[in-house]
Amino acid sequence: MSVECLIENRCKTVGEGPHWVEADNCLLYVDITSGYIHRYHLESRENEEYKFDDDVSFIVPCRKGGYMLGLGKSVVHFDWDTKKKTVLHTVDEGKNTRLNDGKCDASGRLWCGTMGMETAPAVVEPNQGSLYSVEVDGSIKTRRPGVSISNGLAWSADNKTMYFIDSIPRKVYAYDFDLKSGDISNERVVVDLADRELSEFGYPDGMCIDTEGKLWVACFIAGRVIRFDPETGEEMTHVKIPGLRTTSCCFGGKNYDEMFVTTATHGMTEEEKLKTPLAGSVFKVTGLGAKGTPAPDYEG
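Everything numeric here is computed off the predicted structure, so don't read it as measured data.

Caption draft 1: Inspection of the overall build of the chain at higher detail. Helix and strand counts for the chain stand at two helices and 24 strands. Taken against the 2.2 N^0.38 rule, which gives 19 Å for 300 residues, the C-alpha radius of gyration of the chain at 17 Å falls within 12% of a compact globule. Projected onto its principal axes, the C-alpha positions of the chain cover 45 × 45 × 40 Å. In the chain, which comprises 300 residues, the proportion classed as buried is 57%. Of all intrachain contacts in the chain linking residues separated by at least 6 positions in sequence, the fraction that spans at least 24 positions is 47%. Surface summary for the chain: the accessible area is close to 12400 Å², and the carbon and sulfur share equals 46%.

Caption draft 2: Representation of the packing of aromatic side chains within the structure. Throughout the structure, instances matching the rule amount to ten aromatic pairs. When the centroid spacing of 5.3 Å and the interplanar angle of 10 degrees are considered together, the rings of tryptophan 20 and phenylalanine 260 count as stacked. In this pair, tryptophan 20 is assigned in strand E2 (residues 15-21) and phenylalanine 260 in strand E23 (residues 258-263), connecting sequence segments 240 residues apart. Neither residue differs from the other here; tryptophan 20 and phenylalanine 260 are each classed as buried. Seen in terms of ring centroids, tryptophan 216 and phenylalanine 251 are 6.2 Å apart; in terms of plane orientation they differ by 90 degrees. Their pairing is edge-to-face. Placement of the pair is tryptophan 216 in strand E19 (residues 215-220) and phenylalanine 251 in strand E22 (residues 246-252), with a sequence separation of 35 residues. Given the relative accessible area of 6%, phenylalanine 251 is considered buried. One aromatic cluster is present, built from ring pairs that chain together Tyr50, Phe52, Tyr67, Phe78 and Trp80. Cation over ring: arginine 144 sits above tyrosine 173, and NZ or CZ is 5.1 Å from the ring centre.

Caption draft 3: How the structure looks around the sheet that holds strand E5 (residues 47-51). Taking strand neighbours across the sheet as the criterion, the four strands line up as E2-E3-E4-E5 in an open arrangement whose pairing is antiparallel. The sheet is open, and its two borders are formed by E2 and E5, each paired with just one other strand. Taken over all neighbouring pairs, the strand axes of this sheet differ in orientation by 15 degrees on average, direction set aside.

Caption draft 4: Quick peek at the pattern of salt bridges. The full count for this structure, using the stated rule, is 20 salt bridges. A salt bridge links arginine 45 to glutamate 4; its shortest N-O distance comes to 3.6 Å. Placement of the pair is arginine 45 in the loop between strand E4 (36-41) and E5 and glutamate 4 in strand E1 (residues 2-7), with a sequence separation of 41 residues. On the basis of relative accessibility, which here comes to 29%, the residue glutamate 4 falls in the partly exposed class. Note that glutamate 271 and lysine 275 form a salt bridge whose closest N and O atoms lie 3.3 Å from each other. In this pair, glutamate 271 and lysine 275 both sit in helix H2 (residues 270-275), four residues apart, roughly one turn of the helix. The residues glutamate 271 and lysine 275 share a single accessibility class, namely exposed. Each of the salt bridges in this network shares a partner with another, and the network as a whole consists of Asp105, Arg109, Glu135, Arg143 and Asp183.

Caption draft 5: A look at the sheet that holds strand E11 (residues 110-116). One open sheet holds the four strands; their spatial order is E10-E11-E12-E13, and the pairing between them is antiparallel. Looking at strand neighbours, the two that pair on one side only are strand E10 (97-104) and strand E13 (140-147), the edges of this open sheet. In this sheet, neighbouring strand axes are inclined to one another by 20 degrees on average, regardless of whether the strands run parallel or antiparallel. Examined bridge by bridge, strand E12 (residues 129-134) and E13 share six bridges and lie antiparallel to one another. Residue pairing across strands places valine 134 opposite isoleucine 140, the latter belonging to E13.

Caption draft 6: View of the environment of histidine 238. Looking at the secondary structure, you find histidine 238 in strand E21 (residues 235-240). For histidine 238 and phenylalanine 228, which are ten residues apart along the polypeptide, the C-alpha to C-alpha distance reads 8.8 Å. Only 2.8 Å separates the side chain of histidine 238 from the side chain of glutamate 235, close enough to count as a polar contact.

Caption draft 7: Structural view of the nonpolar core. Membership of the largest hydrophobic core comes to 26 residues, with the highest contact counts inside it found for Trp216, Val225, Phe251, Met259 and Val261. When contributions to this core are tallied by element, the ones reaching two or more residues are E1, strand E3 (26-31), E19, E22, E23 and strand E24 (282-286). Counting residues in hydrophobic clusters, the runner-up holds 20 residues, among them Leu28, Tyr67, Ala122 and Phe220.

Rules used throughout
Residues numbered from 1 in each chain as written. Predicted model: local features only at pLDDT ≥ 70, side-chain atom pairs only at ≥ 80, totals over all residues. Heavy atoms only, no water. Helix = DSSP H or I, 4+ residues; strand = E, 2+ residues; numbered from the N terminus. Rg over C-alpha atoms; globule rule 2.2 N^0.38 Å. Buried < 20%, exposed > 50% of the residue type's maximum accessible area, 1.4 Å probe, protein only. Contact = heavy atoms within 4.5 Å. Areas by Shrake-Rupley, 256 points an atom, 1.4 Å probe, with all protein chains shown as cover. Phe/Tyr/Trp six-rings, centres within 6.5 Å; stacked < 30°, edge-to-face > 60°. Lys NZ or Arg CZ within 6 Å of the ring centre and 35° of its normal. Pairing = 2+ DSSP bridges. Axes fitted to C-alpha atoms, helices over the stretch in contact; angles between N-to-C directions. Salt bridge = Lys/Arg side-chain N within 4 Å of Asp/Glu carboxyl O. Polar contact = N/O pair within 3.5 Å; in protein donor to acceptor, adjacent residues only side chain to side chain. Core = buried A, V, L, I, M, F, W, Y, C linked by side-chain atoms within 4.5 Å.

Listed below in structure tokens is the structure:
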């Protein structure tokens, strides 16, 4: 197993939302608090970026062109070529929240959730956020209220189970999932870190799933991506990342056997900066012995 610093110190606040685009051989990611979206081309090592005047929490390609973004509390469509921004929905009116992680299911429906505004990293007023879905017809549905920090999403290969992370209770939840309707039911906890040591397990953050149905969870403030078995809730293996504030991960590369991992610098102490000078970088992990599958585009 090898960990390489792929994009050094690019994220000045909270690197997040890695998304591999096979057709372009590029990696999308965001730097939330600084408002940047990034498009990194693996072969040329060119890193394109564009800045918004708000927090930007996810970037997901649209099959019809452009990208879906989480911008503040709004879901927007963005055309990178023309720089045209179209607000589609604004959520959580009257609440002190913002959007966080976002990802599409196999039908091309976009899932995204909100979180309370942090007074310090991982410190929020609890249960202020919700999990939403933006349907292919453009409508939006509230799927799960009472979320503290909405985070990682993943689906089983048969599309019958959806996994979802709320970072503050430090839990990964599973739901029975209906792909056609998007309905979720039968909530249960499959990974519970509430009583685990913070220095080793941290707060579960972003997440991806491999072809064996195992969950890879970026563990914030632990500097690890941990592979969990959702059947037992136990750790199977882990990857140490040279940045304690590990935020998210995705599979990519030609064979989807490489993993891209984002990290944050926001809230770091001076001691932490000295210990982890590569914090805020994007890392590439190879030799995992695991593979992922392509992340779906938004179909609306």
